[in-house]
Amino acid sequence: MAGKVNRGRNRKGSQQVVVNSLEQAISSDASLPDSSAASPENGVTGVNSKEKENDSGSEQNSAKQADIHLYPVSVKTPGGEKLELQLSPGDSVMDIRQFLLDAPETCFITCYDLVLYTKDGSSHILEDYNDISEVADITSGSCFLEMISALYDDRSIRAHVQRTRELLSISTFHSSLSTTLALQHENRKTPSLTTDAAKTEVQELDSLVHKENTSASLSNLLPSPSKEIKSVESIVFSSFNPPPSYRRLSGDLIYLDVATVEGSKYCITGTTSSFYANSSTGNIFDPRPNKASSEATTLVGLLQKISPKFKKAFREILERKAAAHPFENVPSLLPPNSWLGLYPIADHKRDASRAENSLTLTFGSELIGMQRDWNEELQSCREFPHASHQERILRDRALYKVTSDFVEAATKGAIGVISRCIPPINPTDPECFHMYVHNNIFFSFAVDADLELSFKKQGLDESLKVVPVNLSQNHSDKSGDRLPHEASGVPLVDESAVSNVESNYVVNHSPSVDIPEESQLTDSEQATYASSNNDLRGTKAFQEADISGLYNLAMAIIDYRGHRVVAQSVLPGILQGDKSDSLLYGSVDNGKKICWSDDFHSKVLEAAKRLHLKEHCVLDGSGNVFKLAAPVECKGIVGSDDRHYLLDLMRITPRDANYTGPNSRFCILRPELISAFVQAEVAEKSKDQVQSERAISVDDSSSVEVKTETKQAASASSGPQEYGQHDHSGDRTKEILFNPNVFTDVKLAGDQGEIMEDEENVRRASLYLKDVVLAKFIQDLCSLEVSPMDGQTLTEALHAHGINIRYIGKVAEGTRAMPHLLDLCSNEIVVRSAKHIVRDILRDTEDHDLGHAISHFFNCFLGNVQAISGKGSANGSQSKTQKKVNSGRNATGKAVKGQSKIRGGFLGKKQSLYLIMSSDSLWSDIQEFSLSKYQFELPEDARQRVKKISVVRNFCQKVGITVAARKYDFEAPAPFQVPDILNIQPIVKHSVPVCSEVKSMVENGKVQLAEGMLNEAYALFSEAFTMLQQVTGPMHGEVANCCRYLAMVLYHAGDIAGAIIQQHKELIINERCLGLDHPDTAHSYGNMALFYHGLNQTELALQHMSRALLLLSSSSGADHPDVAATYINVAMMYQDIGKMDTALRYLQEALKMNERLLGEEHIQTAVCYHALAIAFNFMGAYKLSHQHEKKTYNILVKQLGEEDSRTKESLNWMKQFKMRELQKQKGSQDTVSAQKAFDILKAHPSLIQAFQAAAVAGTGTAGSANTPFNGISDGLPRGRGFDERGARAVTEMRKKAAARGLIRPHGVPVQTLTPFTQQLFNIINTGATPNATSGNDANDAPNNEPSKHTSNGLRDTERDQPKADQQDLPPAGLGSGLASLEAKKQKMKAKASSSSSSLF
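Parameters at a glance
- Residues numbered from 1 in each chain as written.
- Predicted model: local features only at pLDDT ≥ 70, side-chain atom pairs only at ≥ 80, totals over all residues.
- Heavy atoms only, no water.
- Phe/Tyr/Trp six-rings, centres within 6.5 Å; stacked < 30°, edge-to-face > 60°.
- Helix = DSSP H or I, 4+ residues; strand = E, 2+ residues; numbered from the N terminus.
- Buried < 20%, exposed > 50% of the residue type's maximum accessible area, 1.4 Å probe, protein only.
- Lys NZ or Arg CZ within 6 Å of the ring centre and 35° of its normal.
- Pairing = 2+ DSSP bridges.
- Contact = heavy atoms within 4.5 Å.
- Axes fitted to C-alpha atoms, helices over the stretch in contact; angles between N-to-C directions.
- Patch = residues over 30% accessible without salt bridge, like charges linked within 9 Å, V, L, I, M, F, W, Y side chains within 5 Å.
- Areas by Shrake-Rupley, 256 points an atom, 1.4 Å probe, with all protein chains shown as cover.
- Salt bridge = Lys/Arg side-chain N within 4 Å of Asp/Glu carboxyl O.
- Parallel < 35°, antiparallel > 145°, perpendicular 65-115°, else oblique.
- Left-handed = near helix turned anticlockwise from the far one by under 90°.
- Nonpolar A, V, L, I, M, F, W, Y, C, P; charged D, E, K, R; others polar.
- Expected span 1.5 Å × (residues − 1).

Q: How would you sum up the packing of aromatic side chains? Please name residues and give values.
A: Following the criterion strictly, the structure yields 28 aromatic pairs and no others. With a centroid separation of 5.2 Å and 65 degrees between ring planes, the pair formed by Y255 and F285 is classed as edge-to-face. Separated by 30 residues along the polypeptide, Y255 in strand β7 (residues 252–260) and F285 in the loop between β9 (275–277) and β10 (295–296) bring together distant segments of the chain. Classification of F285 by relative accessible area gives partly exposed; the value is 25%. Ring centres of Y551 and Y645 lie 6.0 Å apart, and the angle between their planes is 45 degrees; this geometry places the pair in the tilted category. Placement of Y551 in strand β16 (residues 550–551) and of Y645 in strand β24 (residues 644–647) is noted, with a sequence separation of 94 residues between them. Its relative accessible area of 11% is what places Y551 among the buried residues. Taken together, the ring pairs in this structure connect F857, F858, F861, W923, F955, Y968, F970 and F976 into an aromatic cluster. Taking the ring centre of Y529 as reference, the NZ or CZ of R564 above it sits at 4.3 Å. Sitting over the ring of F666, R665 keeps its end group 5.6 Å from the ring centre.

Spelled out as structure tokens, the structure:
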């Protein structure tokens, strides 16, 4: 469906409104000669062939390969209309149906057959699951499709009614603010921002960011609700249903009661062929057609005939959808939760259709027909052939669709389980041990270890031990023949307890004294949150390994109302008691009895090699030796479908040697860390080997024996890093593998030296994490190489570097010198600690008390709530926290939580869990939890230092709470009220697969971009974009990345209009897939603003920048280096509309923020000083310019040294400013500009104080001369931490492009800004020497090599600098590598300018 979805949608010009508005807005003030406009159909733009005139024809063809296989095919609708589709032979019939479902002409037609007529006159009826290429060849042309109305049945006619209801509802509209702004700009036709508008924009930005309390702006985060279009009063199923038998024989399927806007009421009959209004009135049933005798094949067609107002309203609905961007109409699979709800709350109105849908409690299952067999669907998709490119696309698309549908169904089912709407299969057990099967999905609770131990101690029996039993054991008893179903370690029950469903579970009573302490906790710990996370991660890893013949179950984790439910597809045969089921591999009792199969082991071994797992030997309880390539607790089972399933993959990476306590069994290393460690080891060994060979080759007189001994000695020195003793070093560096069972109570077999070597390997990897990776990550944070904005992006950055979240306390300790990083880490620790506490409250609170409990918790968390009664309140809450931290330890004193949850029972105790809580007791628990879990002691003033809005946002996103978007008074004792809690939503973790082939394409595209090969990069990104749309559809994060990189390439090619269109797509996808206020969404708005500014669309730019600042302030607060960099961009924009006073205030604010957050001697602070120096230089205030540049020079000397090129460059600037000041004193300079600058300063006394303080010479204490700033010294952009490779690739590309002559020494971009802005760019983006200055002084500027300063703005990039005689400089702070322009584009620009001038 990729790339072709939009082609299918854009058949009519009415659907090009947004794209045309963007293009018109872009072209209203700037022309781009010889640049190809972006094609809205396929989402990519062909690179201008004139710019690539020296490239080969094959490169030009590959750049447009996304368009080669698309052919026009006309479609004839049942109404006789014709429309055009752009189809590929690889498109399936289902794709065509989706295209037609999106087209306004056919969106209401659901029941039809497709007939393809070919050039030779033959016709072919298309089956839904066929590809077009399997039926006919459309490449020859003259093919067309015809939609022929088909007969309805009970299922299809209900689907038709549901589709009609969806079309008439505008609640599915997802209009982006960026789209709205573009449309408004086009309607106003104003090329630039007026003075009044500029003043309004300044006030808006000030109100959003400059205030500490940003709660008043919460309502601005949500889009305004769409204006309702009333087309019909109601469409409901009539109470005459079902049709009587004699009417069924005449074709009647359903009856509908319709009330039109005109006030008329109709009873509609739906037959197998059409809809018509019958003659029924009131309670009298009359199936005959009414006098008007209106009839149509669709419900919409009938309503258009009987209601003129419906016809008009329906046309308005279609026009509104057509006015939106095509991506805004695409449904998003697994959309993100919103933590904010509209305020005031909208009136709850009557809606009969909504009521009917809510009464059908299916919880994800099908209303009609058989339930889906999720496991069979998933495994069948994995068995699809994938040898060719097209086969891989089809396989990936099927896997993505099935897995996404499974996750959606599992989420609905989990809600039904937690809401007690689905009965358990073991109702006699305690509720926390209940298991459920619904919609062919197995559900179980992940119970905390202390809860399970509490049951064991206080419940059924003191020595109760719940373990699965191995089927392979030849027990004579019936229970011995049963096989466990993998449920993330959830304890299993006896078959006799659930004999009616033949469940394969067993309760085993065994003395706990015979098992080591750690083994006693195994079953309970497997059911904890950590083990379920690890199991999901392990399942995903084995799925990505994609070993033929080895299968995993579909899996999802759902957190809802304090419970964690693990959902899995049902193992074939497990519920039927099929005796052919067997456990062939692994253990169900922590190694006491181990099963082994050579066939199973060979498959697991193949996967283990890809996952860096070592084949090793273990002992079972009887002393037998088994060779495994996976953790001992994994279970290899053959299902009734004869497939080999591998389950319980909680430890596919070795245990973290830094955490070896009894409560750290599942503290394992992350796969990213293992990969990084292996790469580092291989690189180090290769380096040592090369050095050794060079050392040997130095002495030519040495004998062969001496050389051999030297090599052997060098190889022996790396002995602990390798597992086998091989004769030649090539084998020794081939792979580094880890034993996952070291540092556990599993008995390892084999040579003791090998076991010690395995343990040493894990220790070294753990030390590598602690001493190298963690230290490097902290260094990158301090140098702004990695710049997370909120808790989510911080977590993602940690995981991307292979760091577990349990190390966040050490990260906080290492960043104490950086206030914004310390606040970010401490706030994340506070939120995570509070999440563990509120989880207990939600789990033990009755339904009718949830709103009160959550609002009370928020008031204790962010307000000042005093304890109702001091008796035991703090101690009780403290014991709960201690219980959560020390999971699995002695559960004495936890009888409240240990009790089985009975509806209506223990009500007083459950209420006390939150009613006895106070602010002091809650924060005491948070501090204790932080110290125990994260080894971090929160500051004493942590309660006062938390950023209220950011913490509320982070907490709501982690727990799934939705609060009202209103202004909260956090100074009040109780800022939250019960009505402020609007909803609780499930938090879902899943293993939806992604296309690995696309990942490699994107990586290769980055390399090509780094080499300056725009054609090749464009072709790769375009192909990745097309493949992803075929696999996932447009609503996916990877598609957004492709759009971003396509925008980069287009910007390099000079097609800024096409780049804006691609950036707009990324923005829409980020809003829909990540959230309205995600940091990536903020970056997208910032990039759009800077693109618009590059084309002199200052009004649109400021509006987008306003949105970016609002989103940044909500996620990170007002104090963040990215906010400071955004201030600089805002200052640049205001300067361009003549608002120098506003521009200087933003520069001052950026300087103050960088000094406060980064220190007075940070390089980013020097950037701000230089920006101010350039600003005053433009205004003619050369004395102030010299003073600020002197401060810049002092910082650079201390941080980089006097010999650094940037330091020398700053010295040249100082000399230049000094020379101009002397010339000014001699009267050779015009003083008008200087007087203007001082007039501004007089009007704003705060600026005078700030600049006087900045001019005072002195040394700062923040920052260190010894601190390395690798990213800055290398000229790399410092942005978010997820795309460092792309940033480095762009830097290398610029260097190589300059060497090839593609970039001029000082850069000649398409357009430049006014002199102030051009000088500002010099320091913010590259620090180039001022080769163009104000007035007649341009020729006096020193001409030195430009430096590599970068600002920490929204996806900042290194940029070449303008010359004074050019117009409209491209914007700064865009995505990595968006700045460099090719020399041919400049020549074309010059030719266009000369040709236009010759006309006059």
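Q: Give a description of the pairing of strand β2 (residues 82–87) that names residues and reports values.
A: Of the two faces of β2, only one is covered, namely that formed by L83, L85 and L87; the face formed by K82, E84 and Q86 stays uncovered. The sheet contact formed by strand β1 (residues 71–76) and β2 spans six bridges and is antiparallel. Looking at the pairing, P72 lines up with Q86 of β2. Here β1 folds back onto β2 in antiparallel fashion, the turn holding five residues, of which G80 has a positive phi close to 95 degrees.

Q: I'd like to hear about the sheet that holds strand β27 (residues 981–984), residue by residue, with values.
A: Pairing in this open sheet of three strands is mixed, and the strands run β11-β26-β27 from one edge to the other. Each of the sheet's edge strands pairs with one partner strand only, and the pair in question is β11 (340–341) and β27. Across two bridges, the pairing between β11 and strand β26 (residues 961–964) is parallel. Across the sheet, residue G341 finds its bridge partner in β26, namely A964. With respect to the sheet, helix α29 (residues 850–862) is in contact with β26 and β27, its orientation differing from that of β27 by roughly 110 degrees.

Q: Before we move on, could you go through the pairing of strand β18 (residues 563–569) and cite the residues and values that matter?
A: Taking burial as the measure, the seven residues of β18 include seven buried ones, the bulk of the element. Across the two faces of β18 the burial is the same, with H563, V565, A567 and S569 and R564, V566 and Q568 all buried. Here strand β13 (residues 441–445) runs beside β18; their pairing, made up of five bridges, is antiparallel. Across the sheet, the residue bridging to S444 is V566, located in β18. Of the strand pairs in this sheet, strand β17 (residues 555–560) and β18 are connected by six bridges, and their pairing is antiparallel. Residue M555 lies in a different strand from β18, and its bridge partner there is Q568. Count of turn residues in the β17/β18 antiparallel hairpin: two residues, of which R561 carries a positive phi of about 55 degrees.

Q: Which residues make up a nonpolar patch on the surface, and what values do they have?
A: On the surface, Y343, I345 and L982 cluster together into a nonpolar patch covering about 270 Å² of accessible area. Of note, I345 is situated in the loop between β11 and α14 (352–359).

Q: Describe the packing of helix α36 (residues 996–1010) against helix α38 (residues 1037–1052), and please don't skip the residues or the numbers.
A: Interhelical geometry of α36 versus α38 gives an angle of 20 degrees and a closest axis separation of 12 Å. One element, α36, and the other, α38, form an angle in the roughly parallel class. The hand of the α36/α38 crossing is left-handed. Taking contact as the criterion, the partners of V1002, K1006 and L1009 in α36 are, on α38, C1042, Y1045, M1048, V1049 and H1052. Tallied by class, residues from the contact of α36 with α38 come to six nonpolar, one polar and one charged.

Q: Describe helix α40 (residues 1079–1094), listing the residues and the values that go with them.
A: Between its terminal C-alpha atoms α40 stretches 23 Å, which fits the 22 Å expected from 16 residues at 1.5 Å a residue. Among the 16 residues in α40, 16 count as buried, and that is most of the element.

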